[in-house]
Structures are given as structure tokens and as C-alpha cells.
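Single-letter residue listing:
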Amino acid sequence: MDPAPGPTRRDLLTGRAVGDALADRLADAATAETRSFEAGPTVRLATRAMACEFVVALAGGKRREVTHASDALDMVHHLEQVMTVYRDDAELARVNREPAGRPVDLSEDLADVLKRAIGISALTDRAFDPTSGPLIRLWREAKQNRRVPTDDQIAAALSLTGIDGVRVVGGALEKAAEARRFDLGAIGKGFAIDRAVGHLEACAVEDFLVYGGLSSVAARGRSGENDGWPVGIGDPLRPNRRLGTLVLKNAAMATSGANNQFFRIGREKFGHIVDPRTGRPADGLLSVTVVTGSATLSDALSTAFYVMGLENSLTFCNTHMGIGTILIPNPDRGGRLTPVVHGIDPAHLDWSS
């Protein structure tokens with residue numbers, strides 16, 4: 001979660017359909033119109049948090065639903081203050097400064113997201129690692145300085161990462177190594193979306209879409225004539241175009257990719273997603289989309305699958321139930337993009353965009 005530029009004042013927008021508006025703004029996580037799937041009439045509330053736009057789109061737009069959606073967006077701002085590392089007074093920034101060797105009390109929200117992050121890291125053999133901030137910062141500096149990090153610099157950053165000796169017990173964090181500091185940028189948006197979804201469900205709102213930025217979205221109920229919400233799948237080679245559309249119902253989707261966020265040093269190309277096990281940018285896939293019942297899990301797994309690569313990601317899906325994925329490998333020179341789909345009903349996908 002990078003620092004968010006600009007104001008965070010909420011705007012309320014209404015319209016006949018969010019299809020065109022959201023598709024224009026989002027390449028890979030938006031309600032979209034295609035020949036097969038069309039979004040219905042929608043009321044849209046938006047706010048800026050976690051360096052991106054968060055939106056609640058309501059299929060009904062009744063006054064009480066708008067009020068509940070506004071409250072859900074307030075929760076996102078609260079969670080940003082809990083999870084960001086870019087504000088000195090944020091809870092996670094404070095926790096990161098605490099020395100090792102003694103339990104650190106956590107709020108319920110921070111305890112929950114850290115416990116989930118540690119669990120997913122273990123589940124993916126650290127392909128997702130919430131302590132990989134030192135590596136991310138190292139490669140961010142490399143991009144700014146146009147200089148590839150040395151092996152010693154990478155080894156030094158790797159020595160500061162890893163979930164060994166880190167656990168959440170009850171409502172407290174325990175860490176054996178003082179250097180371990182969390183960065184929840186690859187899971188925080190999904191966690192905030194899940195919290196917003198939970199609030200709307202508790203308020204008996206049935207048909208809605210919640211998304212954060214270009215990567216994370218959750219849908220409940222339906223939109224228009226669809227048995228779900230049409231959500232765009234971005235073309236990783238053409239960032240302003242859609243490759244296809246997925247009808248998402250009572251599920252969450254997240255997309256990770258580095259093809260549009262890369263830099264070159266000499267003839268070498270480097271993406272922004274770093275493999276926390278090697279300390280070097282991952283490659284091999286153009287983009288990864290993951291569909292599960294949880295935005296938190298989808299968010300983290302999309303990063304993990306990008307790091308794991310095609311075959312290991314498919315193996316993971318075969319051994320863990322309830323995970324759908326769309327993996328787009330790098331094509332051969334001059335070749336076409338060939339999405340590899342696993343665990344998603346073909347009737348819910350349209351590639352005619």
C-alpha cells in the first residue's frame with residue numbers, strides 16, 4: 001500500500017450502467033460490457049485509499065443501501081490506517097518498530113490480517129511473503145538508480161525476510177528476529193474488500209460489487225440479466241484493452257502482473273514482483289488472475305502464483321479445492337496470448353472482447 005496522493009473525499013456517482021465507466025478505468029478488475037454480458041443499472045460510490053480508488057457499485061441503489069455502502073468505504077480508510085507502513089502513526093508501522101523477544105499487542109483487524117498473511121505464506125512455501133519489504137525497496141531503488149543490485153545487496157535484503165519465528169498468538173505478535181518487518185501491500189486491499197463485503201452482507205445488501213484499484217474485486221448477487229457481475233480481464237500486453245470478461249458471483253477475484261510495471265537496465269527487463277525466495281524479480285508469466293471465495297486469499301495467491309509460475313500454480317490448484325485461475329504465459333515471439341484456465345466454468349467466461 002503505497003502512500004495515496006490526492007484527496008480522499010468520497011464522491012457519489014450515479015448512472016444507467018457502470019459497464020462503460022468501469023471498463024474504461026480498469027483493465028483487469030471492472031464491470032464490463034461485452035457482446036455476451038451486460039451490466040445492469042448501477043449506483044456507484046467511490047473514495048481514494050491505499051493509493052487507488054475503492055468503489056462500491058450497487059445494483060439497487062436504495063437509500064439505505066447507499067448509506068451502508070458509504071459506511072463500508074469508511075471502513076477502508078480505517079483499515080488503511082491500521083495496515084499501511086507509509087504513515088509513522090499507523091498501527092503496523094508502530095508494530096514494525098517494536099523490538100523482538102516480547103509479544104506486541106495488536107488490534108483485532110491487524111491480528112486477523114497478519115495471521116492470514118503468515119498462514120498463506122506457509123501454504124505457498126513463501127512464494128507470498130508479507131516480510132519481503134526489504135526486497136521490494138531494494139529493487140525500487142534499483143529502478144530509480146538504473147543499477148542492478150549486487151549479489152551481496154540481494155543477500156543482505158534476503159537476510160531480513162522470512163516468516164520463521166513469526167507468529168500471532170491470540171491478539172499478540174511474536175517475532176524472534178528484530179529485523180522482521182511486515183509489508184501488507186500484496187494482501188491489504190483484498191482484506192479491506194472482505195471487510196467491506198462483510199459489512200454490506202450484515203446490513204442485508206444483496207447485489208453489489210466492491211473493488212480496489214486495478215487488481216482486486218468481490219461480487220455478491222447479480223447485475224442486470226446476469227447471474228453475477230461482468231468483470232473485465234485485462235490484456236497484459238495492451239493495458240487499456242480487455243482480453244475477456246468473467247461473470248463473478250459470490251466470489252472474489254484478484255489479478256497480478258508485471259508487464260506494465262517493469263523497467264530496463266541495459267538489455268535486461270525487470271518486473272516489480274519479486275520472488276521472496278531468490279530476491280530477484282519473477283518472470284515467466286504475463287499475468288495471473290485468481291478466483292476464490294475470499295478477496296484476501298485471491299489477492300495473496302495472485303502474487304504467489306505469479307512467483308510460482310505456470311506448472312507449480314496448476315499443481316497448487318489441483319491439491320487445494322475452491323481455487324480458480326487464469327494464467328497467461330509469455331507467448332513465443334510473434335505468438336498469440338494463450339490463457340490457461342483452471343477451475344472456472346467456461347460458461348462464465350467470454351473471450352470475444
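Relevant structure appears above.
Residues numbered from 1 in each chain as written. Predicted model: local features only at pLDDT ≥ 70, side-chain atom pairs only at ≥ 80, totals over all residues. Heavy atoms only, no water.

With that settled, the discussion passes to the packing of helix α2 (residues 63-83) against helix α4 (residues 108-123). Two elements in contact, α2 and α4, have axes whose closest approach is 10 Å; the angle formed by their N-to-C orientations is 70 degrees. As summarised for this structure, α2 and α4 are arranged roughly perpendicular, according to the angle between their axes. Where α2 crosses over α4, the handedness of that crossing is right-handed. Where α2 approaches α4, its residues His 78, Leu 79, Val 82 and Met 83 are matched on the opposing element by Asp 109, Leu 110 and Val 113. For the contact of α2 with α4, the per-class residue count stands at five nonpolar, one polar and one charged. (Axes fitted to C-alpha atoms, helices over the stretch in contact; angles between N-to-C directions. Helix = DSSP H or I, 4+ residues; strand = E, 2+ residues; numbered from the N terminus. Parallel < 35°, antiparallel > 145°, perpendicular 65-115°, else oblique. Left-handed = near helix turned anticlockwise from the far one by under 90°. Contact = heavy atoms within 4.5 Å. Nonpolar A, V, L, I, M, F, W, Y, C, P; charged D, E, K, R; others polar.)

What follows covers the pattern of salt bridges. Inspection of the entire model under this criterion finds 14 salt bridges. A salt bridge links Asp 109 to Arg 195, with the shortest nitrogen-to-oxygen separation between them at 3.1 Å. Separated by 86 residues along the polypeptide, Asp 109 in helix α4 and Arg 195 in helix α7 (residues 188-202) bring together distant segments of the chain. On the accessibility criterion, Asp 109 (18% relative accessible area) is buried. Residue Glu 201 is joined to Arg 220 by a salt bridge in which the shortest nitrogen-to-oxygen separation is 2.7 Å. Note that Glu 201 is positioned in helix α7 and Arg 220 in strand β8 (residues 216-220), a separation of 19 residues in sequence. (Salt bridge = Lys/Arg side-chain N within 4 Å of Asp/Glu carboxyl O. Buried < 20%, exposed > 50% of the residue type's maximum accessible area, 1.4 Å probe, protein only.)

This part takes up the sheet that holds strand β9 (residues 229-235). Sheets are built from strands that pair by backbone hydrogen bonding, the pairs being arranged parallel or antiparallel. Taken together, the three strands give an open sheet; going across it, the order is β9-β10-β19, and neighbouring strands pair in antiparallel fashion. Only two strands of the sheet have a single partner each, and these edge strands are β9 and β19 (349-350). Pairing geometry for β9 and strand β10 (residues 238-248), over seven bridges, is antiparallel. Counted as the bridge partner of Ile 233 is Gly 244 from β10. (Pairing = 2+ DSSP bridges.)

Non-glycine residue Arg 126 carries a positive phi angle of around 70 degrees. Positionally, Arg 126 belongs in the loop between α4 and α5 (133-145). Even without being glycine, Ala 204 reaches a positive phi, approximately 65 degrees. Secondary-structure assignment places Ala 204 in the loop between α7 and β7 (208-212). Exposure remark for Ala 204: the relative accessible area of 46% places this residue in the partly exposed category.

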